[in-house]
Structures are given as structure tokens and as C-alpha cells.
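Structural overview
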Amino acid sequence: MDDQLSALETAFEDGGYAVLEVTRNRNQVRAVLEEDRADAEQVRAIAADAFADDDLLGVNVTTESIEGQDGMNTVVTCRVR
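**Here we look at the overall build of the chain**
Broken down by element type, the chain carries two helices and four strands. Ordered by position from N to C terminus, the α and β elements of the chain give α-β-β-α-β-β. In terms of overall dimensions, the chain is globule-like: its C-alpha atoms have a radius of gyration of 12 Å, near the 12 Å expected for 81 residues. Counting only C-alpha atoms, the chain reaches 35 × 25 × 20 Å along its principal axes. Within the chain, residue pairs in contact and separated by at least 24 positions form 50% of the contacts whose partners lie at least 6 positions apart. Total accessible area on the chain stands at roughly 4900 Å², and carbon and sulfur atoms take up 39% of it.

**Here we look at helix H2 (residues 40-50)**
The set of residues buried in H2 consists of Val43, Ile46, Ala47 and Ala50. For H2, the buried positions fall inside an angular range of 100 degrees around the axis, keeping them on one side. Set apart from the buried face of H2 by more than 90 degrees, the exposed residues are Glu41 and Asp49.

Basis of the calculations
- Residues numbered from 1 in each chain as written.
- Predicted model: local features only at pLDDT ≥ 70, side-chain atom pairs only at ≥ 80, totals over all residues.
- Heavy atoms only, no water.
- Helix = DSSP H or I, 4+ residues; strand = E, 2+ residues; numbered from the N terminus.
- Rg over C-alpha atoms; globule rule 2.2 N^0.38 Å.
- Contact = heavy atoms within 4.5 Å.
- Areas by Shrake-Rupley, 256 points an atom, 1.4 Å probe, with all protein chains shown as cover.
- Buried < 20%, exposed > 50% of the residue type's maximum accessible area, 1.4 Å probe, protein only.
- Arc of directions from axis to C-beta.

Set out below in C-alpha cells:
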């Protein structure tokens, strides 16, 4: 796992969120949180603190059903350099 993925996972865990997975696809880092209705502003703030200011281009917070799991999860997608 690279430094950005580790930093994001640690930041969410330190913020009290259970992280199911953190993945990268080119310039997007995606974290799936166990909580189904995480506070979007709080999650964005945690993500912003996990990256250097010049590395983070944007944060998107959604809820979605993850294949093979019951219920909904919060998904945080960060566009990074």
C-alpha cells in the first residue's frame, strides 16, 4: 500500500471510522467506510487532512451498495496528483 492510501486509511481510523478498503485507480483514491451515513463535511475534512494541500484536487462523498455486502456504505473518492 502506498503512502497516500496508508495516510487516508489511518486518518479515517483515527477519526473513528471503520475502513473496509482503500484502493487506487490512477489519480483517484477510494475509501469504503463501514458507516452508511457518515457526515459528509466531517469525512471531507478528514480526507483533506490526510493529504498534502497540493496533492488533493477534490473529494466526493457518496453512499452505495457494495457487491457481496449487506446494506449501504459511505464511499469517499479523492482526486489526487
